[in-house]
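# Inside the fold
One letter stands for each residue in the lines below.
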Amino acid sequence: MSDVRLEVGGRRYTIACADGQEDSVRHLASMVDSKLAQMGANLSNNEAKNLLFAAILLADELDEANKRVAAPAPPPKVEIDISSVAEKLESLAATLENAASRLEG
């Protein structure tokens, strides 16, 4: 285990994390710190409430991103030339009629 020193919301914290995860923890803490900074004048005097609100905002962003990834792409729009299909079917029908006539004769 490693100890990582962080600064979030102007306060310093030391937390433990798995060896090798220090940079990741620092990055995540900087995201929380950034979110707190974006809150600006909306910060209250209650540190825990501010951190909770920042965490909720980040969770909301994550939820929206997950929804965008999970949403299936609409199927590709396929345009069919009905006239062309009808002509081909008529040609096929004529060919089959000719073949049937030859077999009967």
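The coordinates are above.
What you see is a predicted model; the values in this text were computed from it and never measured. (Residues numbered from 1 in each chain as written. Predicted model: local features only at pLDDT ≥ 70, side-chain atom pairs only at ≥ 80, totals over all residues. Heavy atoms only, no water.)

## Description of the nonpolar core
Using the following cut-off: The criterion is simple. A nonpolar core is a set of buried Ala, Val, Leu, Ile, Met, Phe, Trp, Tyr and Cys residues joined through side-chain atoms within 4.5 Å. To sort residues, take the accessible area from a 1.4 Å probe on protein chains only and compare it with the maximum for the residue type: under 20% means buried, over 50% means exposed, and anything in between is partly exposed. Every helix listed is a DSSP run of H or I at least four residues long, and every strand listed is a run of E at least two residues long, numbered separately from the N terminus. Pairs of residues are marked as contacts when any of their non-hydrogen atoms sit within 4.5 Å.
Counting residues in each nonpolar core, the largest one holds nine residues, listed as Val4, Leu6, Val8, Cys17, Val25, Ala29, Leu36, Met39 and Ala54. If you list the elements that add at least two residues to this core, you get strand S1 (2-8) and helix H1 (22-39). By residue number, the principal contributor to this core is H1, which donates four residues. Setting aside anything within four residues of it in sequence, one finds Leu36 in contact with Val8, Gly9, Leu43, Asn50, Leu51 and Ala54.

## Overview of a nonpolar patch on the surface
Stated formally: Like-charged residues within 9 Å of one another, or nonpolar side chains (Val, Leu, Ile, Met, Phe, Trp, Tyr) within 5 Å, are grouped into patches, provided each residue has over 30% relative accessible area and no salt bridge. Surface accessibility in these figures is a Shrake-Rupley result with a 1.4 Å probe; residues are shielded only by whichever protein chains are displayed. Should a side-chain nitrogen of Lys or Arg be within 4 Å of a carboxyl oxygen of Asp or Glu, the pair is scored as a salt bridge.
Taken together, the side chains of Val78, Ile80, Ile82, Val85, Leu89, Leu92 and Leu96 present a nonpolar region at the surface, about 750 Å² in accessible area. When you line up the elements, Leu89 lands in helix H3 (residues 82-104). Residue classification places Leu89 among the exposed positions, given a relative accessible area of 53%.

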